[in-house]
Amino acid sequence: MTTPVEHYVTARQELVLPGSGQAWLDALRDAGASSFRESGFPTVRDENWRYTNIRPILKQTFAPVAPAGDGSGDENIAKFTLPELHSHRLVFIDGHYAPALSSVGQVPEGISVESMANAVLGGLEGVGQWLGKCMPEAGDGFTSLNTAFIEDGLYLHVARDHHVELPVEVVFFNTEAGGQLVQPRNLYVVGENSQVHIIERYVSAGGSHLTNSVTELVACGSAVVEHTRLQEEGAGAFHVGGVFVRANGDSRVVSNNLALGSMIARTNLNVVLADEGACCELNGLYLGSGRQHIDNFTQVDHQQPNCKSDQLYKGVLNDRARAVFHGRVVVHEGAQHTDARQQNRNLLLSANAEIDTKPQLEIYADDVKCSHGATVGQLDEDAMYYMRTRGIDVTTARSLLTWAFAADVISRVSSGPVRNHVEGVLGHKLFSVDRLEDLV
Amino acid sequence: MQGLTLNLIRMQNARSDPNMNPMLSIKNLHASVAGKPILKGIDLEIGAGEVHAIMGPNGSGKSTLANVLAGREDYEVTRGEILYKGANLFDWSTEQRACEGLFLAFQYPVEIPGVSNIYLMKAAVNARRKYQGLPDMAAVEFLKLIREKVKVVEMKEEFLHRAVNEGFSGGEKKRNEVLQMAVLEPTLAILDETDSGLDIDALKIVADGVNGLRSPDRAFIVVTHYQRLLDYIVPDFVHVLAEGRVVKSGDKHLAQELEKEGYRWIVKEPVVEEIGA
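The numbering scheme is per chain: residues are counted from 1 as the chain's sequence reads. Numbering of ligands from 1 and lettering of chains from A proceed in the order in which they are written. Given that this is a predicted model, residues contribute local features only at a pLDDT of at least 70 and side-chain atom pairs are listed and counted only at 80 or more, while totals for whole chains, interfaces and linings are drawn from all residues.

1. So, the confidence of the model for chain B
Residues and elements named next belong to chain B.
Line of reasoning, step 1. By definition, pLDDT measures how confident the predictor is in each residue, and it falls between 0 and 100. Per-residue confidence for chain B gives a mean pLDDT of 89; residues scoring 70 or more make up 89%.
Line of reasoning, step 2. With C-beta atoms placed from the backbone, a contact is any residue pair whose C-beta atoms sit within 7 Å. Predicted confidence is poor over residues 270–277, with pLDDT under 50, and the contacts of this stretch with residues over four places away or in other chains come to four contacts.
Line of reasoning, step 3. Across the interfaces of the predicted complex, the ipTM metric reaches 0.91, alongside a pTM of 0.87.

2. Some details on the sheet that holds strand S6 (residues 102–105) of chain B
Residues and elements named next belong to chain B.
Line of reasoning, step 1. DSSP-based pairing: two strands are paired if at least 2 bridges between them are found. Numbering goes from the N terminus for both helices and strands, where a helix is a DSSP run of H or I of at least four residues and a strand is a run of E of at least two. Taken together, six strands build an open sheet; the order of strands is S6-S9-S10-S3-S11-S12 and the sheet is mixed. Of all the strands in the sheet, the pair left with one neighbour each is S6 and strand S12 (245–250). Going from strand to strand, the sheet's axes swing by 20° on average, the running direction of each strand aside.
Line of reasoning, step 2. Two elements, S6 and strand S9 (residues 188–192), share four bridges in a ladder whose sense is parallel. Within S9, the residue paired with Leu104 across the bridge is Ile190. Think of each axis as a best-fit line through the C-alpha atoms, taken over the contacting stretch in the case of a helix, with angles from 0 to 180 degrees between the N-to-C directions.

3. Here we look at the sheet that holds strand S18 (residues 339–348) of chain A
Residue and element names in this part refer to chain A.
Line of reasoning, step 1. With mixed pairing, the 10 strands of this open sheet are ordered in space as S2-S1-S5-S8-S10-S12-S14-S16-S18-S20. Bordering the open sheet on either side are strand S2 (96–97) and strand S20 (369–377), each of which pairs with just one other strand.
Line of reasoning, step 2. When strand S10 (residues 224–232) meets strand S12 (residues 252–259), the two strands line up parallel, connected through eight bridges. Each residue of the ladder has a partner; that of Leu230, found in S12, is Leu258.
Line of reasoning, step 3. Here helix H9 (residues 394–410) sits on the sheet in contact with strand S14 (279–288), strand S16 (308–317) and S18, set at roughly 150° to S16.

4. Let's talk about the interface of chain B and chain A
The accessible area lost on association of the parts is a frequent measure of interface size.
Line of reasoning, step 1. Across the contact, 23 residues belong to chain B and 18 residues belong to chain A.
Line of reasoning, step 2. Sorting the residues of the side of chain B that touches chain A by element identifies helix H3 (94–99), strand S7 (112–116) and helix H4 (117–131) of chain B as the ones contributing at least two each.
Line of reasoning, step 3. With nine residues, the top contributor of residues to the side of chain B that touches chain A is H4 of chain B.
Line of reasoning, step 4. Residues that form the side of chain B that touches chain A fall into these classes: 15 nonpolar, four polar and four charged. Only Asp, Glu, Lys and Arg are considered charged, only Ala, Val, Leu, Ile, Met, Phe, Trp, Tyr, Cys and Pro nonpolar, and every remaining residue, Gly among them, polar.

5. Concerning H4 of chain B
Every α-helix carries 3.6 residues per turn, so stepping three or four residues along brings you back to the same face.
Residue and element names in this part refer to chain B.
Line of reasoning, step 1. Its 15 residues give H4 an end-to-end C-alpha distance of 21 Å, which sits within 8% of 21 Å, the value for a rise of 1.5 Å per residue.
Line of reasoning, step 2. Each residue is classified by how many other C-beta atoms fall within 10 Å of its C-beta atom, where C-beta atoms are placed from the backbone; a count of 20 or more means buried, 12 or fewer means exposed, and values in between mean partly exposed. Buried within H4 we find Asn117, Tyr119, Leu120, Met121, Ala123, Ala124, Val125, Asn126, Ala127 and Arg128.
Line of reasoning, step 3. Just downstream of H4 lies Gly133, where phi reads positive at about 75°. Expected span, for any helix, means 1.5 Å times one less than how many residues it has.

6. Examining unusual backbone geometry
All names here are of chain B.
Line of reasoning, step 1. The phi dihedral of Glu154 falls on the positive side, at around 50°, and the residue is not glycine.
Line of reasoning, step 2. Looking at the element boundaries, Glu154 is found in the loop between helix H5 (139–152) and strand S8 (163–164).
Line of reasoning, step 3. Looking at Glu154, the number of C-beta atoms within 10 Å reads 14, which means it is partly exposed.
Line of reasoning, step 4. A positive phi is found at Asn165, a non-glycine position, where the angle reads about 65°.
Line of reasoning, step 5. Locating Asn165 in the fold gives a position in the loop between S8 and helix H6 (170–184).
Line of reasoning, step 6. A count of 23 C-beta atoms within 10 Å places Asn165 in the buried class.

7. Details of the packing of H5 of chain B against H6 of chain B
In a pair of packed helices, the angle between the axes and the distance between the axes together describe the arrangement.
Residue and element names in this part refer to chain B.
Line of reasoning, step 1. In contact at an axis separation of 9 Å, H5 and H6 are set at 135° when each is read in the N-to-C sense. One finds that H5 runs oblique with respect to H6. Classified by chirality, the crossing of H6 by H5 is right-handed. Counting all contacts with H5, which are made through Leu145, Ile146, Lys149, Val150 and Val152, the residues of H6 involved are Leu179, Ala182 and Val183.
Line of reasoning, step 2. For the contact of H5 with H6, a count of residues per class yields seven nonpolar, no polar and one charged. Any angle from 65 to 115 degrees is called roughly perpendicular, while one under 35 is roughly parallel, one over 145 is roughly antiparallel, and all others are oblique. The hand of a helix crossing depends on one turn: near helix anticlockwise from the far one by less than a right angle means left-handed, and clockwise means right-handed.

8. What about the nonpolar core?
Line of reasoning, step 1. Here, a nonpolar core means buried Ala, Val, Leu, Ile, Met, Phe, Trp, Tyr and Cys residues linked by C-beta atoms lying within 7 Å of one another. Val190, Ala247 and Val271 of chain A together with Ile190 of chain B are the most contacted members of the largest nonpolar core, which totals 196 residues.
Line of reasoning, step 2. A per-element tally of this core places H9 of chain A first, with nine residues.
Line of reasoning, step 3. Not counting residues up to four positions away in its chain, the partners in contact with Val271 of chain A are Val245, Ala247, Val253, Cys280, Leu282 and Val300 of chain A.

9. Some points on the pairing of strand S15 (residues 293–302) of chain A
All names here are of chain A.
Line of reasoning, step 1. Across the 10 residues that make up S15, a large majority, nine, are buried.
Line of reasoning, step 2. For strand S13 (residues 264–273) and S15, the ladder comprises 10 bridges, and the chain directions are parallel. Note on S15: the bridge partner recorded for Thr267 is Asn296.
Line of reasoning, step 3. Looking at chain direction, S15 and strand S17 (residues 322–331) are connected through 10 bridges and run parallel. Paired with Gln299 across the strands is Arg328, a residue of S17.

This is how it looks when you write it as C-alpha cells:
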C-alpha cells in the first residue's frame, strides 16, 4: 500500500508542468518536492496543527485533472458570479485557466494580469525574482506540496505609481467531478506607491475535492494593497490555503479572510512587516454550520521598528461546527515602537458548537505596544428579550444580533458587492433567509 | 373593600365606564424569580384611558410585575391569571404581546452594539404590521414618522443612526424608550422607573411624551419610586405595592401622602396581619 505522501510524489512525477526546463523553476519545484517528502503532512502533534486533524483528507486520494473543455457549458459557474462586481476577472476551472469564462477587460499600461502558466512560460517581469520568495523557511507539508506542483493561478504585477481602479478578481471554480487535487499558485507584486484590491475566490459545484492553494503577495514601499480571500467551497470540499505577505517600508496591506465554506478548511496567513513603517490590517470572519471545521492560523512578524498590525477575527458557529483560531504575533529583536493589536471574538449559536482559540504573543523588543484578547460568547439574552418586547420574533432577533456581531468585520471590506454577498451568505447559512435586509 | 374603593374612584372618573370590561385584569398573581416568590397575590384592574401609578419601596415587586406583563421568560408565574383585552395574556409570547399593543419602557434599557436605533424601530414597526397582515411600511413613510417622533422627545436625529443605547447617557436611554413608545403607539404602556436618573428637564420631556400619547383607548402603568414624576404625569389611580401585594389604592392624593409620610405607615399593616394569621 502506498502512503499518502508517496501517492502525491508519484502524481507529480507523472505530470509535465509548464515552463519546466527553466533552471530556477525546476529548482524551486524540486525543493518543494523534497521538502514535502521530508516533512510529510502535518499531524496533531505539530503545535500549529494541534486542533485540526487532517486524517479525513488523507483517507482519500486526490489527483490533478486535465482541463475539461473551456467550461462554457457549465451552468454552475454563472451562479458564482457576484452581481454588481465590476472587476478584471480571471476564472480557473479545476485549477486551469479558462479564458472563455474570464473577462480581464482593458488593463491599464504598467499592469500585468496573467495566468501563472503563461507568466512562467513567457518569463514575465518579476516572476523569477519573486516566486517562492515570500514563503517562510520552514513551511508545512501542504505549502511544499503546492510548490512542488506550481502550475497555474493568478499572476499580477503592478508597476510603480499605479492605482488600479477596478479590483482584480480571480475565481477558482471546482467542478462536480470529485477527487480533484487543485493547487492554485498566485503571485501578486505591487510596485512602489501603487494601489490595488485583489479579490480571490474559491467556489465549487459540490463533490469532494482538495484545494491546496498558495498566494504570495509583495507590497513594495508605500504600496496600498487590499487582499480579500473569499472561501466558499461546497460542503464536501477540503480546503487548505496559504497566504504569505511581505510588506515593505510604509506599505499598507489589508487582508480580508472570509472563510465560509468547505467541510475542513484551514488557512495559514503569514504577514512579514519587513521594513520600517509597514502596517497591516487583518480582518477575518468564519461562519461554520453543520459539521464544518474551520481553522485559521495567522502569524504577524514585526521584523523592523515602527510597524503596526491590527487584527480582528470573528467567528459565528452553529450546529456542531468547530473552529480554531491560532494567532501568533512575533515582535523580533530590535523592532522597537511596534504597535500590535489582536482580537478574536466568537459567537456560539448552539450548545454543540466549539471553538479553540489561542492568541500568542512573542516579544523580543522592550519598547512596544501590544495587546491581544479572545472572547467566546452566546447571544445576549437581555438584548433578545428587549427586541422581543418590541414585537420582533426570536428568529429575526437572533439574526439581527448575529449580523450585528459580524457587521464590523464585514464593513472593513471596501467592495460593496462583496459585503452584500457575505451578508447574504450569513443570512442564508445561519437563518435560511436570502438577505438580512428582508427581515425588517 | 379595596375593589369597592376602586369602583368609587372609577365612578367619579368621567373617562372610564364601569360597565365595560377592563383592558387589563390581574387576578391573584403570584410569580417567582430564580425560585424566590416575589409577587404574592396581585389584584389589579386597568381600564382604557386610565393612568395607574404603581409605587412602593425597593424590592416590593414593581419591576417584576412590569416584566411579567411584558413576558420575561425567566420570571415564573406560579398562580393567578391576567386577562388582556379579554384574552389570556400567558397564551401569548413576548413578541406577540408587543404586537398586541403592550409596551414596556425598560428601567435599564439594553445596549445592542451593531444594531442601529432606526433599524430596530423599523424592525419593530414592520413586525407589528406583519402580525396585522399589513405590508411593510414604505421607507419614506417610516422616515417621516420617525422624524416627527424624534422632535417630540427632543432627540437629535444622529441618535437614530447610533447603535441602540450604546454609549447613551442615562437620560438619553430613557428618552429613547419614550421615542420607541411614541413610534409604536401601544395600547398599554408600562413605564418601569422611567424617571430614575433623569434631571428635571429630561423628566419634563419624558412626561410630555407620555401625556401627548394619553387617549381614551390607551392605558398606562407608571411604575415609580417617587412622587416627582406624578407631578407631570398625573395618575387616575395610585397603588402601593409591598411584599408582592397591592396594600393600598387611591387617587393621586395618595402619592402626595406617600411623599410626605413615606411607606412605613402603609406597609406595616399587612405584615402584622400575616403574623396574626
